[in-house]
Amino acid sequence: MPPLKLAAILIASVALQLSLRAVWPPLVYIDFPLVVIVYIALQREAWQALVVATLAGVIVDAQSGALIGASGFSKTLTAYVIYFAATKVNLENPLLRIPVLAAATVLDSLVYVFVHRLLSQPPSAPVVQTISYKLIATTVVGTLLLYLIDSLVAERSAQRRQFATRRRVARRSTGPLRRR
Amino acid sequence: MASVRTQKEIRQRAPLWLVSLLIINCVIMGVDARDPDGQQKVVRVWTQLFASPLQNASSKASGATSNFFQQIWNFRSTAHENEQLKQRLSELEAQLNTARQAEAENERLQALLDLKQQNEIKSVPARVIARDPSVWFNTITINRGSTSGVAVNMPVVTGSGIVGRVITVSPFASQVMLITDEKAGAGAVVGQLGQSGALGSVRGRADLGVSVVEMRYVSGLEKVEVNDTVMTTGQDGIYPPGLNVGRVVDVKNGTATQAHQILIQPGAQLDHLEEVAVLLYRAPQRTPTPQETLPNVEKSGK
């Protein structure tokens, strides 16, 4: 992804995260930076995903009562896990993104809470309830957002999908039934 | 082939980037966790400096949006209300004359009271422009910073009770930790200050949310009842004495050896905060303990 687009998406996601709670409090359960990180990791852009994860995490932490770096840590780890999975399994299918996004949300939240507990700074919200709400909100809104980002900025993934479709068609045309 | 090689290189180097970035995050966390309370955190101040104009704008936009929908809703019930209001208008005109006299008297007395309060503790009114961007903590951001005289650890209040304390200050905005946060705390007493011995500490609890806080360490021998008021004692080094904290909503009575378990509903509506005031108050410095004053004791700060 071009650096300019990357910076624009990062700024937009952090800005939404910082300001939307004032508009309607339940919107805080949507983790916008995480959606962007998942998107970049699924594109197999390792360093971009990791750097964006650290930056977004540190900025959001600095504006919250959390330990600075906790969110950066959890998001960086999550970005790598998704990147690693994307290099092993083809996760280009839009439907597969839903479980990936859900898993990323749970992993990110668990690591975040664990890090805070480890450093004797337990969060001020009930863990299971908060993770559940976050899981639902981020997965639902994130799926739509991923689709939106995909249609706006992804040239490479579109090329990759086209290539995969062409290859599938080519395989079908040379399959055993055709040969007969 | 070149692109394949690049991908391979990326795959090989990714774990290195991961480890180095995780180490950077760990270092930042370590520094942040070690920082004693009351000291400014540079990263927080700088991000707040850039984020506050954005949060200000979003806060205004959200206010305008909710007003718009409120007006549409109000329009539906206007006709019915209009009839009722006409009837009431005639009744109220009669009461108006009496009220005017009382108002004039009230203004005079209020002016005297304000003057007295201003002499005691000065305050800076502020607007809440943002809430904590993560779900896990209870902080708010207000639109007053060091240029307005706000400093770290100053108390934030509303007319109905204490809200929290300032934890970060940038030139035009400040971050406030609410009393419902687990890391927050306030020295408090059940009943009137100087008349009651039910002293304790008020702090948030994760499972209680923002509507209730817990009061700890109140002796089981003291008499505490539901609906008793809770006031600050001024012994915590943050809040001045005599401010309203809230009222008792639940008590599990303790014994001679066990403290009461008290739940308090904060006086300030912490989930609907819009305007607050920062008290420009500095608590008197705590006198050092005898151990700290000994000449051969190693100072922890050095």
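Keep in mind it's a predicted model, so treat the numbers as computed, not measured. (Residues numbered from 1 in each chain as written. Chains lettered and ligands numbered in written order. Predicted model: local features only at pLDDT ≥ 70, side-chain atom pairs only at ≥ 80, totals over all residues.)

1. Regarding the sheet that holds strand 10 (residues 244-252) of chain B
Residue and element names in this part refer to chain B. Rule in force here: Being paired, for any two strands, means DSSP has found at least two bridges between them. A helix here means a DSSP run of H or I that spans at least four residues, while a strand means a run of E at least two residues long, and both kinds are numbered starting from the N terminus. Axis definition: a line fitted to C-alpha atoms, over the contacting stretch in the case of helices. Angles run 0 to 180 degrees between N-to-C directions.
Pairing within the closed barrel is antiparallel, and its six strands lie in the order 6-7-8-11-10-9. In this sheet, adjacent strand axes meet at a mean angle of 40 degrees when their direction is disregarded. Inspection of the sheet shows strand 9 (residues 229-232) paired to strand 10 by three bridges, in the antiparallel sense. Bridge pairing in strand 10 places Met231 opposite Asn244.

2. Structural notes on the packing of helix 1 (residues 3-23) of chain A against helix 2 (residues 32-42) of chain A
Residue and element names in this part refer to chain A. Counted only if it meets this: Should an angle lie under 35 degrees it is considered roughly parallel, over 145 roughly antiparallel, and from 65 to 115 roughly perpendicular; all remaining angles are considered oblique. Whether two residues are in contact depends on their C-beta atoms, placed from the backbone: they are in contact if these lie within 7 Å. Each residue is assigned to one class: nonpolar for Ala, Val, Leu, Ile, Met, Phe, Trp, Tyr, Cys and Pro, charged for Asp, Glu, Lys and Arg, and polar for all the others, Gly among them.
In the contact formed by helix 1 and helix 2, the axes pass within 7 Å of each other and the chain directions differ by 155 degrees. Relative to helix 2, the element helix 1 lies roughly antiparallel. For the pair helix 1 and helix 2, the contacting residues are Ile9, Leu10, Ser13, Val14, Leu16 and Gln17 in the first and Phe32, Pro33, Val35 and Val36 in the second. Each residue belonging to the contact of helix 1 with helix 2 can be placed in one class, and the counts come to eight nonpolar, two polar and no charged.

3. Comments concerning the interface of chain A and chain B
Residue-level contacts link 43 residues of chain A with 43 residues of chain B. Every element with two or more residues in the side of chain A that touches chain B is listed here: helix 1, helix 3 (46-63), helix 4 (70-88) and helix 6 (127-153) of chain A. Looking at the side of chain A that touches chain B residue by residue, the class counts come to 27 nonpolar, 14 polar and two charged.

4. Some words on the packing of helix 3 of chain A against helix 4 of chain A
All names here are of chain A. Let me state the cut-off plainly: Left-handed describes a crossing in which the near helix is turned anticlockwise from the far one by less than a right angle; the clockwise case is right-handed.
Their axes nearest at 7 Å, the elements helix 3 and helix 4 cross at an angle of 160 degrees. On the basis of their axis angle, the class for helix 3 and helix 4 is roughly antiparallel. Where helix 3 crosses over helix 4, the two elements pack in a sense that is right-handed. Between helix 3 and helix 4, the residues in contact are Ala46, Ala49, Leu50, Ala53, Thr54, Ala56, Gly57, Val58, Val60 and Asp61 and Ala70, Ser71, Gly72, Lys75, Thr76, Ala79, Tyr80 and Tyr83, respectively. For the contact of helix 3 with helix 4, the class distribution of residues is eleven nonpolar, five polar and two charged.

5. Considerations on the nonpolar core
Looking at soluble globular proteins, one finds that nonpolar side chains tend to be buried together. We count it as follows: Joining buried Ala, Val, Leu, Ile, Met, Phe, Trp, Tyr and Cys residues through C-beta atoms within 7 Å gives a set, and that set is a nonpolar core. The exposure scheme places C-beta atoms from the backbone and then counts, for each residue, the other C-beta atoms within 10 Å of its own, assigning buried at 20 or more, exposed at 12 or fewer, and partly exposed in between.
Core analysis: the biggest nonpolar cluster contains 105 residues, and Ile37(A), Val38(A), Ala41(A), Ala49(A) and Val163(B) have the highest contact counts within it. Filtering out sequence-adjacent residues up to four positions away, Ile37(A) remains in contact with Ala49(A), Val52(A), Ala53(A), Ala56(A), Lys75(A), Thr78(A) and Ala79(A).

6. A word on the sheet that holds strand 3 (residues 155-158) of chain B
Residue and element names in this part refer to chain B. Spatial ordering of the closed barrel is given by 1-2-5-4-3-12, a layout of six strands whose pairing is antiparallel. Each neighbouring strand pair of the sheet contributes to a mean axis angle of 45 degrees, computed without reference to strand direction. By the bridge criterion, three bridges tie strand 1 (residues 123-131) to strand 2 (residues 139-142) in an arrangement that is antiparallel. Each bridged residue has a counterpart across the sheet, and for Val128 the counterpart in strand 2 is Ile142.

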